[in-house]
Amino acid sequence: MPRTPLLQVMDTTLRDGEQTPNVAYAPSEKLQIARLLLDEVRVDRLEIAQVFVSEGEAEAVRRISAWARRAGHGERIEILGLVDGKRSVDWICEHGGGAMNLLSKGSRKHCELQLRKTPETHFKEIAETIRYARRRKLVVNVYLEDWSQGVRDSFDYVFGHVENLAGLGVRRVYIPDTLGTLTPDDTARYVELMTRTWPEVHFEFHAHGDYGLATSNCLAAVRAGARGVHTSVNGMGERAGNTRLAEIVAALHDLTPFRTGVDESRLIAISELVARLSGKTVADNAPIVGRDVFTQTAGIHADGDAKADLYANRLVPSRFGRRRRYALGKMAGKASLEQLPAEKRDLVLRRIVELGDKKHSVTAEDLPLLIADVLKTPVEQLVRIERYETRSTSDGLPSASVSVRFHGKTQSASANGDGGYDAFMKALAKATRGFGLKLPDLVDFKVRIPPGGKTGALVETLITWQTSARAQPFSTLGVDSDQIAAAVVATEKMLNLLAARRAARL
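So, a few notes on the structure that sits alongside this text. All of these numbers come straight from a predicted model, not from anything done at the bench. (Residues numbered from 1 in each chain as written. Predicted model: local features only at pLDDT ≥ 70, side-chain atom pairs only at ≥ 80, totals over all residues. Heavy atoms only, no water.)

## Looking at the overall build of the chain
Argument step 1. Counting secondary structure elements, the chain contains 16 helices and 16 strands.
Argument step 2. Counting all 506 residues of the chain, 51% fall into the buried class.
Argument step 3. Residue pairs at least 24 apart in sequence account for 64% of intrachain contacts in the chain once pairs closer than 6 positions are excluded.
Argument step 4. For the chain, the accessible surface area stands at approximately 24200 Å², while carbon and sulfur atoms represent 50% of it. (Helix = DSSP H or I, 4+ residues; strand = E, 2+ residues; numbered from the N terminus. Buried < 20%, exposed > 50% of the residue type's maximum accessible area, 1.4 Å probe, protein only. Contact = heavy atoms within 4.5 Å. Areas by Shrake-Rupley, 256 points an atom, 1.4 Å probe, with all protein chains shown as cover.)

## Things to note about the sheet that holds strand S12 (residues 396-406)
As a general point, the strands of a sheet are linked pairwise by backbone hydrogen bonds and lie either parallel or antiparallel.
Argument step 1. With antiparallel pairing, 3 strands are arranged side by side in an open sheet as S11-S12-S13. Each edge of the sheet is formed by a strand with only one pairing partner; in this case those strands are strand S11 (383-393) and strand S13 (409-416). Across the sheet, the axes of successive neighbouring strands diverge by a mean angle of 10°, strand direction being ignored.
Argument step 2. Of the pairings in the sheet, the one linking S11 to S12 comprises 9 bridges and is antiparallel in character. Its bridge partner being in S12, Thr393 is matched across the sheet by Gly396.
Argument step 3. Together, S11, S12 and S13 form the strand contacts of helix H15 (residues 420-433), whose direction differs from that of S12 by roughly 40°. (Pairing = 2+ DSSP bridges. Axes fitted to C-alpha atoms, helices over the stretch in contact; angles between N-to-C directions.)

## Section: the pattern of salt bridges
Argument step 1. Scanning the entire structure with this criterion turns up 28 salt bridges.
Argument step 2. A salt bridge links Arg45 to Glu204; the shortest N-O distance between them is 2.6 Å. One end of the pair, Arg45, is in strand S2 (residues 45-50); the other, Glu204, is in strand S7 (residues 203-206), and 159 residues separate them in sequence. A single burial state applies to Arg45 and to Glu204, both of which are buried.
Argument step 3. Two residues, Arg62 and Glu55, come together in a salt bridge whose shortest N-O distance is 2.6 Å.
Argument step 4. Among the charged side chains, a salt-bridge network with shared partners connects Arg45, Glu78, Arg172 and Glu204. (Salt bridge = Lys/Arg side-chain N within 4 Å of Asp/Glu carboxyl O.)

## Observations regarding helix H1 (residues 27-41)
Argument step 1. In this model, H1 (15 residues) spans 20 Å end to end at C-alpha, consistent with the 21 Å of a helix rising 1.5 Å per residue.
Argument step 2. Three or more residues of H1 are buried, namely Pro27, Lys30, Leu31, Ile33, Ala34, Leu36, Leu37, Leu38 and Val41.
Argument step 3. Elements that come into contact with the buried residues of H1 comprise strand S1 (8-11), S2, helix H2 (55-70), strand S3 (77-82), helix H10 (245-255) and helix H11 (267-278). (Expected span 1.5 Å × (residues − 1).)

## A look at the side chain of His208
Argument step 1. Relative to the assigned elements, His208 resides in the loop between S7 and helix H9 (214-223).
Argument step 2. Among the residues examined, His208 registers a relative accessible area of 5% and is labelled buried.
Argument step 3. Only 3.4 Å separates the side chain of His208 from the side chain of His206, close enough to count as a polar contact. (Polar contact = N/O pair within 3.5 Å; in protein donor to acceptor, adjacent residues only side chain to side chain.)

## Considerations on H2
Argument step 1. A rise of 1.5 Å per residue sets the reference length of H2, with its 16 residues, at 22 Å; its end C-alpha atoms lie 23 Å apart and thus fit the reference within 8%.
Argument step 2. Residues of H2 that are buried: Glu57, Ala58, Ala60, Val61, Ile64, Ser65, Ala66, Trp67 and Ala68.

## Re the sheet that holds strand S6 (residues 172-176)
Argument step 1. Read around the closed barrel, the 8 strands follow the order S1-S2-S3-S4-S5-S6-S7-S8; overall the barrel is parallel. The average undirected angle you get between the axes of adjacent strands in this sheet is 30°.
Argument step 2. Taken strand by strand, helix H5 (residues 119-135) contacts S3, strand S4 (99-105) and strand S5 (139-145), and its axis lies near 175° from that of S4.
Argument step 3. H10 contacts S1 and strand S8 (228-231) of the sheet and is inclined by roughly 150° relative to S8.

## Observations concerning the nonpolar core
Nonpolar side chains tend toward joint burial in soluble globular proteins.
Argument step 1. Ranked by internal contacts, the top residues of the largest apolar core, which has 89 residues, are Trp147, Met194, Phe205, Leu245 and Ile270.
Argument step 2. For Leu245, the residues in contact, after removing those within four places along its chain, are Val9, Asp11, Leu37, Val41, Val43, Thr231, Ser232, Val233, Leu267 and Ile270.
Argument step 3. Within the second largest apolar cluster, 29 residues are counted, among which are Val383, Phe406, Tyr421 and Ala427. (Core = buried A, V, L, I, M, F, W, Y, C linked by side-chain atoms within 4.5 Å.)

## Quick notes on the packing of aromatic side chains
Argument step 1. Under the definition given, this model contains 12 aromatic pairs.
Argument step 2. Residues Phe159 and Trp198 carry aromatic rings whose centres are separated by 5.5 Å and whose planes lie at 35° to one another, so their mutual orientation is tilted. Taken as a pair, Phe159 in helix H7 (residues 155-165) and Trp198 in the loop between helix H8 (184-197) and S7 lie far apart in primary sequence, 39 residues in all.
Argument step 3. Accessibility expressed as a relative area gives 4% for Trp198, which makes it buried. (Phe/Tyr/Trp six-rings, centres within 6.5 Å; stacked < 30°, edge-to-face > 60°.)

## Some details on the environment of Glu78
Argument step 1. Assignment of secondary structure puts Glu78 in strand S3.
Argument step 2. Between the alpha carbons of Glu78 and Ala99 there is a distance of 4.8 Å; along the sequence they are 21 residues apart.
Argument step 3. Not counting chain neighbours up to four residues away, the residues in contact with Glu78 comprise Met10, Arg45, Leu46, Glu47, Ile48, Ala49, Ala99, Asn101, Asn141, Arg172 and Tyr174.

Remember that the coordinates give geometry; whether it matters functionally is a separate question.
Structure, rendered in structure tokens:
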């Protein structure tokens, strides 16, 4: 059987990705991301920094390089260096690096207008830097910055540049669409020009997403002969960012004959880690890693899936350590409510459609409470917050007290906190400890009022929880005219979900 083509994945979250506005990782955070990317996600290589940026950058390079050498990953760690004779090479070696990505000019325009040098001078300096790096035992890869414009406008310059690299011991040549202006057709044409002209050279494609075409361009590049692609977790990077790691890996595996060494089941973990450390949230509808991408809302989809998986594709949630969910919005159908007696479905559906018109989706967890509200029948409520009180003053710590009833017993507790809700949660943790209920971690807390709402308008509070690092997060919603009260309602729903899950296991 023919061997499946294996592509290289170089991730630049820690270098190009850190050019995202208002993002700067501490050295310990960079090490944490690097270890997860190499040991668990299993990308092939990492670009972790650029020379001379800051002392914090230098410390991160030292830590990651030391760990990588101990783990046998020395050549899998790459650092961006400049065409400056010995300076960049010495800096990389002094900080423990084993591979340099040399940033050269890939277009005549950049060479002559930015560097103000002739191509001949630039090529000579590139060769001198590479020879010195090789003498110091570094692996050398070369970026052709602005290649996408250079190959289009001045191929003679690009030709001279790549010919100049012959015999210098360069391991890989990186061809970037620096300004993110290529189309897939352009990418295929220009990458094929490179791979046919120099079939022995290992070219890798570096895309940017200014027009949202980074993934498509990477697919075109590998079909045209590129042997690797460059990625960034969650698409982090300047302007519109870089190729999204999860997106291109799934697309390569499903839509091409190519394979990578990436472990798809760990893509969610690295996405969440980078989102948390960077402070840049992931869109709910982001492919693969978004919170809503494995959630169906249309009734016809629920019906088709229940009968024959008619609306399933190759992006099976279990591949990524997730599971499919069904939410009920204004497009909900009766197939989403098969658990109800037939005569009661229309009433519930009518209420769901009303909420959908207000842009509110009803999750499976909300459904029992909605049914109880619409049909005026009591829902089984295992846990009830019978009473609570919060107090905040200008000259003291916020405090709270709470009474919780579970299985006919009531537990009460009080606590201080950094805010009213924080004090409430600390008191709740004390009270529920006696029931053997361990509260989950609070992952996200969102408060919303309708546009143009007054101070007395209803408040919608959506809280996202997670019971363990590997568990799928879940959300609960509370609505009230008081913000704390809405949060308490959402928290009470969370307690009942935990109690119901525990009862199901017993």
